[in-house]
Amino acid sequence: MIELNIDGVKVMAPEGARLLDAARDAGFRVPSLCHHPAVEPEGACRLCVVELRGAGEEHSRVVPSCLEVARAGMTVATASEDVLSVRRTVLELLLQRSPASPVLRALAAQAGMETAAGPLGDAHGCILCGLCTRVCAAAGFHAISTLGRGAEARVGGPGGQPPQDCVGCAACAHVCPTGHIALEESGSRRGIWGRDFELLPCAECGVPTIPREQAERAASSLGFPSADLARCPACNRKATAVTFGRIVALSSTDAREGVKR
Amino acid sequence: MSRLQVTPNRCSGCRSCEMACAFAHAVSEPAGATASLGLQPGRPRLRIWASPGAAFIPMLCLQCDDARCVRACAYGALARSETTGAIELDSRRCTRCLLCTAACPFGNVELEAAMGGLVVKCDLCHGAPACAKFCPTGALAWS
């Protein structure tokens, strides 16, 4: 463990921890959009900036706390004038791109900023933070990536087509900080990235489970038996309970009859 | 290390354990709820199965040595606690891909829809299982 100072409070953090995690674990509120504990930080959204002065350093600097490793003797300010000013600029730029995003507007309101009123057009909420592509890559699918450049940049499948390597797990949609990735579910169908997936019906009771492609990938890459993946948790539990029940019945019969094996 | 010992022959099927589990894993009420308790019972992570032969089987996570749920998670959200031996879910790392719920061959990892879709599993209450505490017959015992 190392000791550092955050907003005038002594804080202990594990060796190698990032500043953002160290600050949050100690109860400090630092906003962020592109950070997710499941993947390596990327410093894309820039909202998690803090003012940092290292041990023995004369001047402080404003850095994204998700990328900075916490070191002993650091002095950190999470809400200094400089930090708030940088954060407001970042939000202004993000709002230029996505003025109607409810998440961005809420963050702006927290920062004491005025946001444009009136009709704002599409609720285009992608801030190109790349969290979806990082999560997809971490699962080994690499189905989506950033396409185009500058104002044309966007996230999608290769060549802007529905991604053929997508298994429909929808992890990207669940982690998207602005809720931009469209996920449509009805009954046993799931639509995402222009693909249409069938949610496998439970082999016993028929309730929709995970997409067929996701189950097939797990069966081939992890070696899980397809038969286990083809049942919902409730029916898997029932099947196990029936087996356990037989074992219990057998052992109590044995006890009554004094059977020796 | 203590273990949760399950003895189905002692189970009377009272389901106190399910109730204890639901309250031990209570969740915040969704915004706009009319009740004013602040918390409501969560989804119990164990179930009593009543088999046709009138025996009752407590069904809960077996905390497998080579657990499929752990192998299924690409995000490291499921890991064994060194202090309790339980496989715990770090919901901050979870991306809700739900592969773990399909991977568990015993059906002990589930989606809790009421909690905004969080995955839940038995965490042995971090070393003090409420189910064992409230089991009147000793079918569930922590020792």
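See the structure printed just above.
About the thresholds
Counting restarts for each chain, with residues numbered from 1 along the sequence as it is written. Each chain gets a letter, beginning with A, and each ligand a number, beginning with 1, in the order they are written. Where totals are concerned, whole chains, interfaces and linings use all residues; where local detail is concerned, this predicted model gives features only for residues with pLDDT of at least 70, and gives and counts side-chain atom pairs only at 80 or more. Each side-chain value is worked out from all heavy atoms of the structure, with water and hydrogens disregarded. Note on definitions: a residue-residue contact is assigned when non-hydrogen atoms from the two residues lie within 4.5 Å. In this description, buried area is defined as the sum, over both parts, of the accessible area (probe of 1.4 Å) that is lost when the two are combined. Any Lys or Arg side-chain nitrogen found within 4 Å of a carboxyl oxygen on Asp or Glu counts as a salt bridge. As used in this structure description, the phrase polar contact means that two N or O atoms lie within 3.5 Å; if the pair is within protein, one of them must be able to donate a hydrogen and the other to accept it, and residues adjacent in sequence are counted only when both atoms belong to side chains. Starting at the N terminus, helices and strands are each numbered in turn, a helix being any DSSP run of H or I of at least four residues and a strand any DSSP run of E of at least two. Residues are sorted three ways: Asp, Glu, Lys and Arg are charged, Ala, Val, Leu, Ile, Met, Phe, Trp, Tyr, Cys and Pro are nonpolar, and all the rest, Gly among them, are polar. Only when DSSP finds a minimum of two bridges between them are two strands counted as paired. Helix axes use the C-alpha atoms of the stretch in contact, all axes being lines fitted to C-alpha atoms, and the angles between their N-to-C directions lie in the range 0 to 180 degrees. Only protein chains enter the accessibility calculation, which uses a 1.4 Å probe. A residue is then buried if its area is under 20% of the maximum for its type, exposed if over 50%, and partly exposed in between.

Focus on the interface of chain A and chain B
- Opposite the 30 residues of chain A that make contact, chain B presents 30 residues.
- Of the roughly 2700 Å² buried where chain A meets chain B, counting both sides, 65% is carbon and sulfur surface.
- Taken together, the connections running from chain A to chain B amount to three salt bridges.
- Across the pair Arg237 of chain A and Glu110 of chain B runs a salt bridge whose closest N-O atoms are separated by 3.3 Å.
- The interface formed by chain A and chain B holds 10 residue pairs in polar contact (both at pLDDT 80 or more) in total.
- At the level of secondary structure, the elements contributing two or more residues to the side of chain A that touches chain B comprise α4 (131-138), α5 (171-175), α6 (212-222), α7 (226-229) and α8 (233-257) of chain A.
- At 11 residues, the largest contribution of residues to the side of chain A that touches chain B is made by α8 of chain A.
- Considering only residue class, the side of chain A that touches chain B consists of 19 nonpolar, seven polar and four charged.

Re the sheet that holds strand β8 (residues 183-186) of chain A
All names here are of chain A.
- Strand order in this open sheet of four strands is β8-β9-β10-β11, and the pairing throughout is antiparallel. The two strands at the open ends of the sheet, each matched to only one other strand, are β8 and β11 (208-211). Taking each pair of neighbouring strands and ignoring which way they run, the sheet shows an average axis angle of 30°.
- Sheet strands touched by α6: β10 (195-201) and β11. Its angle to β11, the strand with the most contacts, is close to 65°.

Remarks on the pattern of salt bridges
- Inspection of the entire model under this criterion finds 16 salt bridges over all chains.
- The closest approach of N and O atoms between Glu110 of chain B and Arg47 of chain B, which form a salt bridge, is 3.6 Å. With Glu110 of chain B in strand β8 (residues 109-112) and Arg47 of chain B in strand β4 (residues 47-50), the pair connects residues that are 63 residues apart, well separated along the chain. Neither residue differs from the other here; Glu110 of chain B and Arg47 of chain B are each classed as buried.
- Salt bridges sharing partners connect three or more residues here, namely Arg237 of chain A together with Arg43, Arg47 and Glu110 of chain B.

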